[in-house]
Structure formats: structure tokens, C-alpha cells
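# Analysis of the macromolecular model
For reference, the chains in residue letters:
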Amino acid sequence: MDRISGHTGLLALIGSPVGHSGSPAMYNYSFEKLGLDYVYVAFDVKEDKVPDAIQAMKTFNMRGCNVTMPDKIAACKCMDELSPAAKIIGAVNTIVNDNGKLTGHITDGEGFNNNLRDHGVEVKGKKISIAGGGGAATAIQVQMALDGAREISIFNVKDAFFDRVVEMAEKIRNAVPECVVNVFDLADTAKMTEEILSSDIFVNATIVGMKPNFEDQSVVKDLSAFHKDLVVADTVYNPAETKLLKDAKAAGCKTVNGKGMLLWQGVSAFKLYTGQDMPVEEVKELFFKD
Ligand code: NAD
């Protein structure tokens, strides 16, 4: 790396684990391609060390950090300012350091919606049904409301996440009163079918469909819910084509896999750090090919 000098700015991913992350490759390629004097590394930071890591960001005058699980909520508590979505959610995945003032953003939902847009799908004015109430689901639900969705029906199993879903629905209604938000039990298959039949977009933001434990499963049990005008999107990116997407494709729906969400949340963060557009097409080709 002969491009690193005494002036090179530092960015990093913090979280635990981080060793598997594709972010350093994606950002370093983009910095080099655009001639930006930054370098991006990954630090394994456990949740209890987040305040120390954020203090170190200031000490080293790092330009920014991406934050992954399990550090997103703890990092949010250390910010000087928050984006509208981060304020509602109470979690951050992107921190921008402007000479010691830290602003926390959450670009997961924006990334999800921009990936839909990249596939020709707009959220504004649409009805969305979505399964899930964890980190990914919440970020998507909030951003969909902020981006003008007409109605959001959320389905979650009655586990530890359910109360959080009910609370988040109320927060979204307060922040965006024109968006109708409903919460249902994922076990209520008849209700799910009814809601999907009147939706434009269906999203899976649960772990169902993921390798290795859930690969042969889908949250949509009644395949008659799939109609020809429905777009079906998954947040699960391993495998790229989940059982949900296979079923939906077979029923004639347009499908969008989870890999693009990873790319586009990074594109949003890159813009916040540098003010420039990531070379998306090259990055897609190099790091996100199906
Ligand atoms: P999380 O642990 O915060 O939430 C898990 C969700 O799955 C909850 O809603 C929970 O109720 C639900 N769930 C768990 N077991 C279930 C079961 N047996 N049946 C039905 N629902 C069940 O996780 P998260 O961080 O929100 O991640 C959720 C998914 O989103 C994962 O598949 C993850 O890979 C994906 N994700 C993708 C991206 C991306 O960029 N594509 C980013 C973040 C997360």
C-alpha cells in the first residue's frame, strides 16, 4: 500500500465479529479509484468498549466509522447529533466526524430503498407488507415511512421482538402520521395472505431463509398470496436466492435479493464521508456479482 502517507485519513468498521466483512475491500477500492486519501480498516470492538472506540475516533481525528452488530445501539448513545431515521430507531451504522462533532446516521433503510430503486421499484405511495422486527426490519420500516410509503403491515412471531415492533409502530405513526402502520402475528397466515394480496411490495427482514439453519424455510406459507403485481424483496443475502424468492419468482413476481442492500447502505455512507458518489457499477461488478 504505497499510497498511504502521513496525511492519509482513517475510517473503520467497528463491531464484533468484523473479520468476514466486505466493507474494507469496497471502500478501499473506491478511495483508490477516486483518488481520495483515505484508508478503511476493521476493528473488533465488543459492545462494552464502544464508548472507548468512539473516544478514540475523536483522538485520532478519524473521518468516520461504520458500526455493525452488536454495537449499533451503544454507539447511538455517544453521538452529538442524529439523523432523523437514527433518532427514531435509536441505532446508528454510520458515524461522521466533523472535527470532533459526531453525527450518527443509519443507512440500512436508505440502502434497502435505493436497492429497490436500482431495480425500478419506488416506495412512495405504496403499501408494503414486511416480516420482521429486528435491526434490519426496523431500519427499513422507518425509512419506508420517511420516503412516503402509504401503508406498512408488519408481521412478527410472538417472540422477544414483538413488543418492540408494537413500540416502533407507534414511534413511526408519531413521526410520520400520514403513513398507516399495522402490526400482526406472523403465525396468522390468513391475515398475512390478505395483507400481501393488497400490497405492492413484500419484504422478508427476518432470519428465515438464511444459511445454514433456515435455508429450506420461507415466512410466506400460503403461496396464493403472491400476485403478479407484487415485488418480493429479501434482506437475507446468503443464499442470494432464498426459498421465498424462488417461490415468488415461480409465481411470476419480480424479486430483489439482499445483496444490493449491503452495497447501497455503503454507497449512502460513502457519500456522507466524502461528499462523492461511490463508483457503484464497478463495485457491483467486483464485489456483488450473483
Ligand atoms: P435481528 O436479530 O435484529 O432480528 C431477527 C428477526 O427475525 C426478528 O424479527 C425475529 O422475530 C425474527 N425471527 C427469528 N427467528 C424467527 C423464526 N424462526 N421465524 C420467524 N421469525 C424469526 O436480526 P437483523 O440484524 O435484523 O437481521 C435480520 C435479517 O436481515 C438477517 O437475515 C440478516 O442477514 C439480514 N440483514 C441484511 C442486511 C443487508 O445488507 N442485506 C443488513 C442487515 C441484516
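A brief look at the structure comes next. (Residues numbered from 1 in each chain as written. Predicted model: local features only at pLDDT ≥ 70, side-chain atom pairs only at ≥ 80, totals over all residues. Heavy atoms only, no water.)

### Quick word on the overall build of the protein chain
Note the threshold: Runs of E in the DSSP output that reach at least two residues are strands. Runs of H or I that reach at least four are helices, and both are numbered from the N terminus. The size measure is the radius of gyration over C-alpha atoms, and the globule rule it meets is 2.2 Å times the number of residues to the 0.38 power. When accessible area is computed with a 1.4 Å probe and restricted to protein chains, residues below 20% of their type maximum are described as buried, those above 50% as exposed, and intermediate ones as partly exposed. The criterion used for residue contact is that any of the two residues' heavy atoms lie within 4.5 Å. What sets the accessible areas is the Shrake-Rupley method with a 1.4 Å probe; for residues, cover comes only from the shown protein chains. His is not counted, nor are the chain ends; Lys and Arg add positive charge and Asp and Glu add negative charge. To locate a charge, the coordinates of NZ of Lys, CZ of Arg, CG of Asp or CD of Glu are taken.
From N to C terminus, the protein chain includes 11 helices and 12 strands. On C-alpha atoms alone, the protein chain measures out to a radius of gyration of 19 Å, which is about the 19 Å that the 2.2 N^0.38 rule sets for 290 residues. C-alpha extents for the protein chain along the principal axes are approximately 60 × 40 × 35 Å. Taken over 290 residues, the protein chain has a buried fraction of 53%. Contacts in the protein chain between residues at least 24 apart in sequence constitute 70% of all its contacts with a sequence separation of at least 6. Total accessible area on the protein chain is roughly 13100 Å²; 53% of this is exposed by carbon and sulfur atoms. Between the mean site of the 31 positive side-chain charges and the mean site of the 39 negative ones, the protein chain shows a separation of 1 Å.

### Considering the pattern of salt bridges
Quick note on the threshold: Within this document, salt bridges are pairs made up of a side-chain nitrogen of Lys or Arg and a carboxyl oxygen of Asp or Glu, the two lying within 4 Å of each other.
Under the criterion given, the structure shown has 20 salt bridges. Salt-bridge contacts for Lys 284 lead to Glu 281; the nearest nitrogen and oxygen are separated by 3.4 Å. Residue Lys 284 and its partner Glu 281 are both found in helix H11 (residues 280-287); the two are separated by 3 residues, about one turn of the helix. Looking at Glu 281, the relative accessible area reads 52%, which means it is exposed. Connected through shared salt-bridge partners, Lys 127, Glu 151, Lys 191, Glu 194 and Glu 195 make up one network.

### With respect to the site of the ligand
Where we set the bar: Near residues are defined by distance, with any heavy atom within 4 Å of the molecule or strand qualifying the residue. For this analysis, a polar contact is any N or O atom pair within 3.5 Å, provided that within protein one partner can donate a hydrogen and the other can accept it, and provided that sequence-adjacent residues contribute only side-chain to side-chain pairs. A 1.4 Å probe that fits into a set of points on a 1 Å grid over the protein atoms alone but cannot get out defines a cavity; an open set with protein on both sides within 12 Å along at least five of seven lines defines a pocket, and lining residues are those with an atom within 4 Å of a point. By definition, a pocket or cavity contains a molecule when more than half of the molecule's atoms lie within 2 Å of the pocket's grid points. All amino acids are sorted into three groups, where Ala, Val, Leu, Ile, Met, Phe, Trp, Tyr, Cys and Pro are nonpolar, Asp, Glu, Lys and Arg are charged, and the leftover types, Gly among them, are polar.
Around the ligand sit 22 residues, and of these Gly 133, Ala 136, Asn 156, Asp 159 and Gly 258 come closest. Here an oxygen atom of the ligand sits 3.4 Å away from a polar atom, N or O, in the main chain of Thr 206. Contacts to the ligand include Leu 262, whose backbone N or O atom sits 3.2 Å from an oxygen atom. Protein chains shield 79% of the accessible area of the ligand, which is 850 Å² for the free molecule. Structurally, the ligand is housed in the largest pocket. Grouping the amino acids of the shell around the ligand by side-chain chemistry returns 13 nonpolar, 8 polar and 1 charged.

### Let's talk about the nonpolar core
For the record, the criterion: For this analysis, a nonpolar core means a set of buried residues of the types Ala, Val, Leu, Ile, Met, Phe, Trp, Tyr and Cys, connected via side-chain atoms within 4.5 Å. Domain boundaries shown here were taken from an automatic or database domain assignment.
Ranked by size, the top nonpolar core spans 52 residues in total, and within it Ile 95, Leu 116 and Met 144 carry the most contacts. When residues of this core are assigned to their parent elements, the largest contribution, 6 residues, is made by helix H6 (residues 135-146). Counting contributing residues per domain, this core is built from domain 1 (9-106 + 261-287) and domain 2 (109-257), each supplying no fewer than three. With 20 residues, the next largest nonpolar core counts Leu 36, Tyr 38, Val 96 and Met 278 among its residues.

### Thoughts on the packing of helix H5 (residues 108-118) against H6
Note the cut-off: The angle between two axes is taken between their N-to-C directions and runs from 0 to 180 degrees, where each axis is a line fitted to C-alpha atoms and a helix contributes only its stretch in contact. Oblique is the label for every angle not falling under 35 degrees (roughly parallel), over 145 degrees (roughly antiparallel), or within 65 to 115 degrees (roughly perpendicular). Crossing chirality is assigned from the near helix's rotation relative to the far helix, an anticlockwise turn below a right angle marking it left-handed and a clockwise turn marking it right-handed.
One can describe the packing of H5 onto H6 by two numbers: an axis separation of 7 Å at closest approach and a directional angle of 65°. One finds that H5 runs roughly perpendicular with respect to H6. Judged by the twist between their axes, the crossing of H5 over H6 is right-handed. Packed against H5, whose contacting residues are Asp 108, Gly 109, Glu 110, Phe 112, Asn 113 and Leu 116, the element H6 presents Ala 139, Ile 140, Gln 143 and Met 144 at the interface.

### Describing the layout of surface pockets
Unoccupied space between atoms shows up once a probe the size of one water molecule is rolled over them. Our working rule: Grid points are joined across faces, edges and corners, and a volume is the space filled by probe spheres set on the points.
Its volume calculated, the largest pocket comes out at about 1500 Å³. If you go around the largest pocket, you meet 44 residues; those closest to its centre are Thr 68, Met 69, Ala 136, Tyr 237 and Leu 262. No other element matches the 4 residues that helix H10 (residues 259-274) contributes to the lining of the largest pocket. Partitioning the lining of the largest pocket into residue classes produces 21 nonpolar, 19 polar and 4 charged. Taken together, domain 1 (9-106 + 261-287) and domain 2 (109-257) each give at least three residues to the lining of the largest pocket, which thus spans both.

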